[in-house]
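Listed below are the residues making up each chain.
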Amino acid sequence: MNMRVRILGFCLTMIVILVVAYAGISSLVVSALLKDVEGYEVWDERVVSEMQTLPVQDGGRVKPFQTLARRYMYGMHGDRTMKVSIGGEKTKLSPTEWLMDVIFRPELADDLPTFRVDNSAILEQLGMDVNSLRDRYSYNQIRPYLRKLQKEYESILAKIKRLGDDSLTPRQQQTIAFVRLLQSYHSLKNPFILSAEVKKATGYGSMKDFFVTGSTLEERLLNTGGDKMSIIGILDSKIVADAILLSDISSLGEVSKLLLNPTSGKREWQSIGERFAKVAKPNQAAYRLYAEQVAELKQKHGELGANTIEAFYADYLEVFQAYMKRQKSYPDGLMEELVELEKLQAPYTGGSSDEQLRAISSFKAAYESEVDFGDVGGDIKAEVYLNKLDYFNNGIAILLLAGVFLIAMCLCVGTKASRVLYWCVYGLTAAACLFTIAGIVHRSVIMGRPPIGTLYDTMPFIAGAGLLLLVLVELIHRKAILLGVSVCFGVAILFLAKRYEVSEAKDQMDPLVAVLKSNYWLATHVVMITLGYMGGIVAACISHFYIIGRAFGVIVDKNDRKYLTKIVYGMVAFTLLFSLIGTILGGVWAADSWGRFWGWDPKENGALLIVIWMLVILHARLGGYIREIGLHVCSVFGFAIIVFSWWHVNFLGVGLHNYGFTSSAAMTNIWMFYGMEFLIMLIGGGMAWVIHERKAAEKMRKKLEAENGGDSEVEVVEN
Amino acid sequence: MEVDIKMAKKKKHMGLRVLDFFSGYLLAVTCLVLLGLLVWFSTLEMQDVGLSKTLERYYSHKTIFVVPEINGGKSVYIPLPGAYWVCCVLFINMVLGGIIRIRKNVRNVGAVISHFAIAALLVVGQVDHHQSIRGKMESYQGEKYDYATKFEFTSIEVSEFDEEGKKKSPYVIKHDMIKDLNDKVRKFTFKDLPFDLEVRHFREHVVVRNGANYARGKDSGELVDGFFLQPAEFDVKMDYYNYGCYVMVRPNDGSPGRKILLSRSIGFPQTFSVGGKLYGIEMPNEIWNMPFSVDLINSVGEYYPGTKKASKFQSTIAWTGDEGEEEKIETIKMNQPMRYKGFTLYQASWNEPINGLEYSGFEIVTNPADRWPEYCLWVSAFGLFLHFALKLISYLDRETRPAVRRDLS
């Protein structure tokens, strides 16, 4: 077979493996048609830029508004940007723009395709027309079905109460998760911007009207000329309007914590919303009592008329005074702060972008001078810069470009162009490596801790460290094979990191729990264990290349085969050493924090399994039970064990390292991965068997030749 | 020549062949693969049956063979030898093959050190497996505590109440004395008490049921004062045994006895009178006396702002040893426990002050193996490092040698 065709076949196989892995990781990407959003106006760039650096306190730390917006967008939209059609033109909305819409222009945001639904059956069962299994929907599309959804949600809650969490079907679990997303979305909408419905029902123009009491109210009452019916009407309508407004904003949620009272000066920031809610909630209860008492009065006195008004008025005044007594007064200065807050949404309330920009700037200035950032403060500018540089995604882009050059290089084997292309691939891979390492360092500096503290952190670290190792080894030997390994390895791990970050919808830089707050152990145990994972994964990637390359006849040179085998052997030793040291350090840490060296925790067992398997490989090789292909097949199996330790044990729901997430989709991906590895091992095993058979036939041929004095008629197919 | 070698192989003494087998790579690889399988199956089984039951099934010295059950109790039908015994064989293999019979040269120094350390680790691991004890000390500010309660063990405590209703020092039937009872009856006599106790129907995990609301099953205990003990499924997530049993109080004066139902979950003593005196009987965790006392001076708990994520738990304690040591002030933090005479006291939980009293929960562990597993593993890591470093040096040496020859020529 033509060598170039073989190389092309080999490259395509590697691409197919990567694509299958990616498809598994991403659980099938949603490919919804772009939704046209009518009347949408893109935010002024200056406003977005100013808003994204607004400090917010969330997840126990101070972070830029942009980071928070990303977290919410990942959770609801399942992507890093929102693509919509505005006036027929494709537009990408950033997380900051989207969250600004939700907070400041909720009526427009309701039209955005915010909600990603992975199983549209949960909407279909409500009677909604759906296009495909996975799609994105706007709040307004879901709105007509909210009542049915609420009923379904309540029935599921009742089932949980009756039979426990385990009794739920996957669809019911998805329904619960979806309703919680909707609740979260609700809580994000700014309660201080009055919706058109509330404005109509209350007659209020803005929140300022809510605070109209005292002299203004007295003035209105005086204008009645003492007409008791009018007085009752004014007082009652004011109370009813307040109650409608309170009920509208009673679900003061996340956003009430985001937009803060700049003068609070405490470690835990207190927002205007929280201060408002503290009073609003008891006042709502006071209103409910008032409404009951007025209803009783109406029943007692019958229809209001000239005969009944005097008695009703006397009783009503008593009820009114009791209500006023029960009313808690709002903190001093709250109204002024709300007025300031309303300026942030200037364009929505008829102001200009310039006005809004000034409001955001002065709001931030107040923060920076008066809010106590304390030990949980972050470097806002550095984090915005980190988000902007987007190291890991750019790393993927560079590696993909390297991949294109690599395929071109393979097709030009033996020409001068291939040498030039080699250095292009090498340069791009090294650049991706440096970019990834820069991202790890940047994050580490912002977090003020060693680079690995969460499951997410392990992925860029493995990618960065693995790329560095492969690039250095390639520099020594310059055989080009490791460049292919580097590209596939880097892209796969960084893609995994990207998909995990979006699917988890968490801020991966939030502070760690007390027991993990130890820079010494994070810098030693966790780094060592992760380096162990890296060693095993790199070894397995090389073995994948070896097995597939040999199956396609691309790796035919004996020296190349020996070279790859030696590297894999070295990586197995590397993995054993680092996994063992990491495990020991973990045991020492566990002894200090949990009082025991070893507790058979699933994560500990996973690390032990890696150590045991690496020992099996080394001893089996020493004993001669495995040779070249055997070593590579075992190394591929080692990858499956590393994935078990790295990922699978986290889903078991037991142990102290349990991360608390249980996603059936993720488990499906893990099993898919095991299946793929099994297939590669089968190919390797099959190849070993064929070679063994050929060698046996060769031996037989030689034996027969010797017996027949060199005139053998046995035909043996050449290797 | 070839024939001679074959003959020599055939003539090899049986004893030598056995020695070859026990010190060979085949046994080493087999043991390691079996150990790997056992660790893997036990990790998967843990989610269905809980940690303590899994450890008992796979790692106990009583387990000769285990049939793994994963995915909700479905048997895998692959009987595997118990991990304890696999480790024993591995120990023999390592001592014979990795220490005694290994070629003694510089290149193998690291391997010998590693094998020696891992073999020592297996021994230390057995000590840990048999001897370590864990317990909890719940301490409130202003009280001195010189005891903890053992996690895994229960006991039966009988105490007399004085006229003011205060409990006197209890008489204790320890866990070891009743753990093997099941349906047998065992009589306990106390020299200073005017009654004997007959304990029976001891069960590891039960719930107390009201006879008016629940029907008794065939494995349920008898009805006592309207309640009975019903066998329950082990709570995997809690990993906690709720022990239960029935006790018959038999007064020495021949007066009628009294049946009492006991369970670890009841949490308060049940009273009875004998000879005009009031007694209480209960089934708490077994008391564990400490060689020191702890007085909680203060405890600090902090959460990250706006969350319930702990950022800091720490306690300051006044500590006094039982050998007349002076009182010392110690601070125990997460990752920074206090160690004394093989006991490790570490911060396990923290609560907001209750009635103004600060609270800290300490876990206490004693393990005669102490930090020996750690030392063994460090030595083993050093051995491995040495071994691989020597291999790397010789590899690099081989790689560079032809180039030198070319240069010379």
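Please read these numbers as outputs of a predicted model, since none were measured by experiment.

Considerations on the overall build of chain B
Okay, so step 1: The helix and strand inventory of chain B stands at 8 helices and 21 strands.
Okay, so step 2: A globule of 409 residues ought to have a C-alpha radius of gyration of about 22 Å, yet chain B, at 29 Å, is considerably larger.
Okay, so step 3: When each of the 409 residues of chain B is scored for burial, the buried share is 30%.
Okay, so step 4: For chain B, contacts bridging at least 24 residues in sequence account for 53% of all contacts bridging at least 6.

So, the overall build of chain A
Okay, so step 1: Check the secondary structure of chain A and you find 27 helices and 7 strands.
Okay, so step 2: Sorting the 719 residues of chain A into buried and exposed places 40% on the buried side.
Okay, so step 3: Look at the contacts in chain A between residues 6 or more apart in sequence, and 74% of them connect residues 24 or more apart.

Focus: the interface of chain A and chain B
Okay, so step 1: Contacts between the two partners involve 46 residues from chain A, matched on the other side by 41 residues from chain B.
Okay, so step 2: Of all the secondary structure elements, the ones that give two or more residues to the side of chain A that touches chain B are helix H24 (558-593) and helix H25 (602-622) of chain A.
Okay, so step 3: The element contributing the most residues to the side of chain A that touches chain B is H25(A), with 11 residues.
Okay, so step 4: Residues belonging to the side of chain A that touches chain B are distributed by class as follows: 29 nonpolar, 11 polar and 6 charged.

Here's the deal with unusual backbone geometry
Okay, so step 1: For Arg478(A), which is not a glycine, the phi torsion comes out positive at approximately 45°.
Okay, so step 2: Backbone geometry places Asn182(B), a non-glycine residue, at a positive phi of 50°.
Okay, so step 3: Structurally, Asn182(B) can be placed in the loop between helix H7 (175-178) and strand S8 (186-189).
Okay, so step 4: Residue classification places Asn182(B) among the exposed positions, given that 12 C-beta atoms sit within 10 Å.

Let's talk about the nonpolar core
Okay, so step 1: Among the nonpolar cores identified, the biggest contains 136 residues, and Val538(A), Ile542(A), Leu576(A), Ile612(A) and Leu35(B) are the most heavily contacted of them.
Okay, so step 2: The element that contributes the greatest number of residues to this core is helix H23 (residues 519-551) of chain A, accounting for 17 residues.
Okay, so step 3: Apart from residues no more than four positions distant in its own chain, Ile542(A) is found in contact with Val485(A), Leu564(A), Ile567(A) and Val568(A).
Okay, so step 4: Leu54(A), Leu99(A), Phe276(A) and Ile360(A) belong to the second largest nonpolar core, which has 42 residues in total.

Thoughts on the sheet that holds strand S9 (residues 195-203) of chain B
All names here are of chain B.
Okay, so step 1: Pairing is antiparallel across the open sheet formed by 4 strands, whose spatial order is S8-S9-S12-S13. Strands with a single pairing partner mark the edges of an open sheet, and in this sheet they are S8 and strand S13 (258-263). Averaged over all adjacent pairs, the angle separating strand axes in this sheet is 25°, with direction ignored.
Okay, so step 2: Two elements, S8 and S9, share 4 bridges in a ladder whose sense is antiparallel. Bridge pairing links Arg-186 to Val-199 in S9.

Details of the domain arrangement of chain A
Okay, so step 1: Examined at the domain level, chain A breaks down into domain 1 (25-53 + 69-188), domain 2 (196-340) and domain 3 (535-698).
Okay, so step 2: Between domain 1 of chain A and domain 3 of chain A, the C-alpha centre-to-centre distance is 40 Å.

Here we look at the confidence of the model for chain B
Detailed conclusions should not be drawn from predicted coordinates in areas where pLDDT is low.
All names here are of chain B.
Okay, so step 1: On average, residues of chain B score 85 in pLDDT, and 92% of them reach the 70 mark or higher.
Okay, so step 2: At the level of individual helices and strands, chain B shows its lowest average pLDDT in helix H1 (residues 2-11), which scores 54, and its highest in strand S4 (residues 80-81), which scores 94.
Okay, so step 3: As a predicted assembly, this complex carries a pTM of 0.83 together with an ipTM value of 0.80.

Looking at the pairing of S13(B)
All names here are of chain B.
Okay, so step 1: Sheet analysis places strand S12 (residues 244-251) next to S13, joined by 6 bridges and oriented antiparallel. Paired with Met-248 across the strands is Lys-259, a residue of S13.
Okay, so step 2: A loop of 6 residues connects S12 with S13, the two strands running antiparallel in sequence, and Gly-254 in this loop sits at a positive phi of about 85°.

Examining the packing of helix H21 (residues 455-477) of chain A against helix H22 (residues 481-504) of chain A
All names here are of chain A.
Okay, so step 1: With their axes 9 Å apart at the nearest point, H21 and H22 run at an angle of 170° to one another. Between H21 and H22, the angle falls in the class roughly antiparallel. Contacts from Tyr-456, Met-459, Pro-460, Ile-462, Ala-463, Gly-466, Leu-467, Leu-470, Val-471, Val-473 and Glu-474 in H21 reach Leu-482, Leu-483, Val-485, Ser-486, Phe-489, Gly-490, Ile-493, Leu-494, Leu-496, Ala-497, Tyr-500 and Glu-501 in H22.
Okay, so step 2: Here the residues of the contact of H21 with H22 are counted per class, giving 18 nonpolar, 3 polar and 2 charged.

Overview of the environment of Gly453(A)
All names here are of chain A.
Okay, so step 1: Note on placement: Gly-453 falls in the loop between helix H20 (416-447) and H21.
Okay, so step 2: The class of Gly-453 is buried, set by 22 C-beta atoms lying within 10 Å.
Okay, so step 3: The sequence separation of Gly-453 and Leu-411 amounts to 42 residues, and the corresponding C-alpha distance is 43 Å.
Okay, so step 4: Not counting residues within four places of it along the chain, the set of residues in contact with Gly-453 comprises Leu-512, Leu-516 and Leu-522.

Description of the environment of Leu386(A)
Residue and element names in this part refer to chain A.
Okay, so step 1: Residue placement: Leu-386 occurs in helix H18 (residues 380-389).
Okay, so step 2: Taking the C-beta count within 10 Å as the criterion, Leu-386 has 20 such neighbours and is therefore assigned buried.
Okay, so step 3: Sequence-wise, Leu-386 and Ala-417 are 31 residues apart; in three dimensions their C-alpha atoms are separated by 37 Å.
Okay, so step 4: Each residue touching Leu-386, except ones within four places of it in the same chain, is listed here: His-442, Arg-443 and Ile-446.

Some points on helix H26 (residues 628-646) of chain A
Okay, so step 1: In this model, H26(A) (19 residues) spans 27 Å end to end at C-alpha, consistent with the 27 Å of a helix rising 1.5 Å per residue.
Okay, so step 2: In terms of burial, H26(A) is largely enclosed, as 17 of its 19 residues are buried.

Regarding the sheet that holds strand S1 (residues 35-36) of chain A
Across a sheet, strands are paired by hydrogen bonds formed along the backbone, either parallel or antiparallel in direction.
Residue and element names in this part refer to chain A.
Okay, so step 1: What the 3 strands build is an open sheet, ordered S1-S4-S5; its pairing is mixed. Whereas interior strands pair on both sides, the edge strands pair on one side only; in this sheet they are S1 and strand S5 (89-93).
Okay, so step 2: Here strand S4 (residues 82-86) pairs with S5 via 5 bridges, running antiparallel. Note on S5: the bridge partner recorded for Val-84 is Thr-91.

Quick word on the pairing of strand S18 (residues 328-333) of chain B
All names here are of chain B.
Okay, so step 1: In terms of strand pairing, strand S17 (residues 310-321) meets S18 through 6 bridges, oriented antiparallel. Across the sheet, residue Thr-316 finds its bridge partner in S18, namely Thr-331.
Okay, so step 2: From the end of S17 to the start of S18, which pair antiparallel, there are 6 residues, and Gly-324 there has a positive phi angle of about 70°.

Here we look at the packing of H25(A) against H26(A)
Residues and elements named next belong to chain A.
Okay, so step 1: Running from N to C, H25 and H26 cross one another at 175°; their axes reach a closest spacing of 9 Å. In terms of orientation, H25 lies roughly antiparallel with respect to H26. Counted together, Gly-606, Ala-607, Leu-609, Ile-610, Trp-613, Met-614, Ile-617 and Arg-621 of H25 and Leu-631, Cys-634, Gly-638, Ile-641, Ile-642, Phe-644 and Ser-645 of H26 form the full contact between these two elements.
Okay, so step 2: Class assignment for the residues of the contact of H25 with H26 results in 11 nonpolar, 3 polar and 1 charged.

Cut-off values and rules
Sequence order as written defines residue numbering, which begins from 1 separately in each chain. For naming, the first written chain is A and the first written ligand is 1, with later ones following in the order written. At least 70 in pLDDT is required for a residue's local features to be given in this predicted model, at least 80 for side-chain atom pairs to be given and counted, and no such filter applies to totals for whole chains, interfaces and linings, which use all residues. Only runs of H or I of at least four residues qualify as helices and only runs of E of at least two qualify as strands under DSSP, and these elements are numbered from the N terminus. Our radius of gyration is a C-alpha quantity, and the globule rule it is checked against amounts to 2.2 Å times the number of residues to the power 0.38. Once C-beta atoms are placed from the backbone, each residue is buried if 20 or more other C-beta atoms lie within 10 Å of its own, exposed if 12 or fewer, and partly exposed for counts between those two. By the criterion used throughout, residues are in contact when their C-beta atoms, derived from the backbone, lie within 7 Å. Three classes are used: nonpolar for Ala, Val, Leu, Ile, Met, Phe, Trp, Tyr, Cys and Pro, charged for Asp, Glu, Lys and Arg, and polar for all others, with Gly counted as polar. In this description, a nonpolar core means buried residues of the types Ala, Val, Leu, Ile, Met, Phe, Trp, Tyr and Cys, linked to one another by C-beta atoms lying within 7 Å. Strands are treated as partners if at least two bridges between them are detected by DSSP. Note on geometry: axes are lines fitted to C-alpha atoms, helical ones only across the stretch in contact, with angles between N-to-C directions running from 0 to 180 degrees. The start and end points of each domain follow an automatic or database-based domain assignment. The pLDDT value tells you how sure the predictor is about a given residue, anywhere from 0 up to 100. Throughout, the term roughly parallel applies to angles under 35 degrees, roughly antiparallel to angles over 145, roughly perpendicular to angles from 65 to 115, and oblique to all others. By this rule the span expected of a helix is its residue count minus one, scaled by 1.5 Å.

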